[in-house]
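Now for the letters of each chain:
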Amino acid sequence: MAADTQALASPSPAGAPRETERLRRAKAALAREKRRNRLLLLAPALVTIGCVGLLPLTVILVYSFLEPGTYGGVNWVFSGEAYVQFLFERDLFEETLSFNPAYLEIFGRSLLLALGATFGALLVGFPTAYFIATRPPGTRNLWLFLITLPFWTNLLIRTYAMMLILRDEGVINIALMEVGVISEPMILIYTDGAVLLGLVYSYLPFMVLPIYAALEKLDFRLVEAAYDLYATRFRVLRHVILPVAKPGIVAGCILVFIPGLGAYITPQLLGGGKSLMIGNMIWQQFGASRNWPFGSASALILMAIVMIALLIYVRYAGRKRAHG
Amino acid sequence: MTGQETGEATAAVEIRRVSKIFGAGSERQVVALDDVGVTIRDNEFFTLLGPSGCGKTTLLRLIAGFEQPTAGEILLFGSHLEGLPPHRRPVNTVFQQYALFPHMTVAENIGFGLLMQGRPKPEIEETVTRMLALVRMEALAGRRTDQLSGGQQQRVALARALAPHPKVLLLDEPLSALDLKLRKEMQIELKRLQHETGITFIFVTHDQEEALTMSDRIAVMSDGAILQVGTPRQIYDHPARRFVADFIGEINILPAELTEIHGETARVRLASGQERTARLPEGSVEAGRVNVAIRPEHVRLGSPDGAALTGRVRNIVYFGTGTHYHLELEGVADAGGPAAAGGAFTVELQNRLGGADEHAVGERLGVLVEDGTLQVLCD
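Residues numbered from 1 in each chain as written. Chains lettered and ligands numbered in written order. Predicted model: local features only at pLDDT ≥ 70, side-chain atom pairs only at ≥ 80, totals over all residues. Heavy atoms only, no water.

Enquirer: Explain the interface of chain A and chain B here, please?
Expert: Interfaces are frequently sized by the accessible area removed from exposure as the parts join. Taken together, the contacts link 17 residues of chain A with 30 residues of chain B. Taken as a group, A:Asp228, A:Leu229 and A:Tyr230 account for 38% of the area that chain A buries against chain B, more than any other trio of residues on that side. On inspection of chain A and its partner chain B, the count reaches 1 salt bridge. For B:Arg61, the salt bridge goes to A:Glu224, with nearest N and O atoms at 2.6 Å. The interface formed by chain A and chain B holds 7 residue pairs in polar contact (both at pLDDT 80 or more) in total. For the side of chain A that touches chain B, the secondary structure elements donating two or more residues are helix H9 (220-228) and helix H10 (233-261) of chain A. Looking at the side of chain A that touches chain B element by element, the count peaks at 7 residues for H9(A). Its residues placed into classes, the side of chain A that touches chain B shows 10 nonpolar, 3 polar and 4 charged. (Contact = heavy atoms within 4.5 Å. Buried area = accessible area lost by both parts, 1.4 Å probe. Salt bridge = Lys/Arg side-chain N within 4 Å of Asp/Glu carboxyl O. Polar contact = N/O pair within 3.5 Å; in protein donor to acceptor, adjacent residues only side chain to side chain. Helix = DSSP H or I, 4+ residues; strand = E, 2+ residues; numbered from the N terminus. Nonpolar A, V, L, I, M, F, W, Y, C, P; charged D, E, K, R; others polar.)

Here's what the structure looks like:
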């Protein structure tokens, strides 16, 4: 290091080529050291990503291209059958393929339920977040605490609680029958509606927290300014509050939609056997159906769908910004 | 329309006995405005001047509609504003920190009010272009507001508030975030905009110099009340109350004895026993002990023989255009000079090129007070 500065400081013409060579080598050594340090610093993150992310994914990817073992597990024989099975049914005797939309339907229903849950969570979550963000700073933390309180118990327990509310002898039906609004219990549980409600309930904090984070930063003088400039309350919401809260809304939607799409416990308990979602289907393949490759393939297809949806969103959002 | 006050201008805004109490009834209730009344004329640059917490911003927010008065009424060109929300009042505000919409461009910010009013698109575009030219921001129409300097944001905020052509423009200390040079520039700019648009401006500031420079009329406020309303000259030359005199410029306050009253003037006897004619403020003043005020630049120094006041020079402060002589007055126990002079009686003499200090520290001098330069104060 000291040599470098010396070389730079002495512009003697005779020594110049030699000094330049030394300078070049010193710089190269410095760059090597920098690279090594960077790699060392990155190592924990890389190890984590590798062990927790890439390794299991690779296992799933490999399994999806193998044949199913008779008692679960896999036979180490290459096969693309799992992906074919997703869309087509193979005739038992003739080896011909016929189109089978059963799995697509499950995917479709999951997609709709996840979208519905996202929308529902947004509908409930945005006003909640707005309410919290407009409280005096001292009491906001209490409200946030209350929002996150259900997370202290297991999702399974919370879903059982949901069952207690929705079932035929549940809180809602009993109460309504007592009051005399209905004479027979309504069918609430084991429906798509129950699953939707369960999903909204389970993932609501994921919607509230990012929107709150965005709204908390909102300068309420902007609201006053818009109100002053002839905007009605609704237009203040549309033209000022929503655009400012948009990053939070997008984050919240992604955080609800993705786990909602792959939800397992909620549809299992609240949907009964009738309302199957992707999560349950994949579980079945690894469990009762003993078709690990097909389960793996389904999981990967689910992941692909989510990624494609996100990519489309990112491109769309990026283009819109460039226009605006 | 109560034009009888001047007979020439109509009232843009009439504040009638308005009070505003925050947290009324509770232990911590705050009286922000106490029975305030003032009439602001059409096409006037009107300034609410006072220290922070005097209620000037509250009054502005009442006119804008962000707050509702606890008592009293506000009229805009003769029509009541009571119960109208801000978006239905033809009044726009320039906020202290500008409050520009961060997700919109400069042009979108300026066009926002027009868009909300549902004006046709070509009209909005035309007005925005005109506004951009008015505040000299044409080149930055497509910029996002967070890419602008403080002065530029200020201009956009002005253009945004002016674009819908409000009947009255409210300005809440809009220059306080700017540095001195920019502030001076914007003062002239604001005055120009008010002239060109013909819109009534109500300007809130705590800076007395700003108020004197820009206003057609000033209302000096303190503790939720308006103490005096008048042109800058009236306020500066003839402050009616001690607070006004102290707040605006530098002034000397002396105890005196009021002996006779003749209409708008009176005879006052100073500590030396000499009598002078002084101006009376509006409102009732009774004969007896009063305070009189006199500006440092309205007195001269001379021989102590026969002078209205005498004293010794304590300090000499040179400041370029003039020199301040701080005097220890004889026979006056509680003379209230400007705070900057440590309460000493101050005389300001104009400096001439090549001149030298005319007096020395410790010298005994007379203060020459002419008739009519003294102002009697209410309290």
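Enquirer: Just to check I follow, could you spell out the packing of helix H6 (residues 155-166) of chain A against helix H7 (residues 171-179) of chain A for this structure?
Expert: Packed helices, taken two at a time, are described by their axes: the angle between them and the distance between them. All names here are of chain A. Viewed as axis vectors pointing N to C, H6 and H7 meet at an angle of 20°, and their least axial separation amounts to 4 Å. Comparing their axes, H7 and H6 come out roughly parallel. Contacts between H6 and H7 involve Leu164, Ile165 and Leu166 from the former and Val171, Ile172 and Asn173 from the latter. Residues of the contact of H6 with H7, tallied by class, amount to 5 nonpolar, 1 polar and no charged. (Axes fitted to C-alpha atoms, helices over the stretch in contact; angles between N-to-C directions. Parallel < 35°, antiparallel > 145°, perpendicular 65-115°, else oblique.)

Enquirer: Even after reading the chapter, I still don't get the nonpolar core, so can you show me in this structure?
Expert: The tendency in soluble globular proteins is for nonpolar side chains to be buried as a group. Counting 70 residues, the largest nonpolar core has A:Leu215, B:Val13, B:Ile15, B:Phe101, B:Phe112 and B:Ile202 as the members making the most contacts within it. For this core, the element with the highest residue contribution is helix H8 (residues 192-216) of chain A, accounting for 10 residues. Residues within four places of B:Phe101 in sequence aside, it is in contact with A:Leu222, A:Ala225, A:Ala226, A:Leu229, A:Val240, B:Asn109, B:Phe112, B:Thr145 and B:Arg160. Ranked by size, the runner-up nonpolar core spans 35 residues in total, among them B:Ile110, B:Leu140, B:Val156 and B:Leu162. (Core = buried A, V, L, I, M, F, W, Y, C linked by side-chain atoms within 4.5 Å. Buried < 20%, exposed > 50% of the residue type's maximum accessible area, 1.4 Å probe, protein only.)

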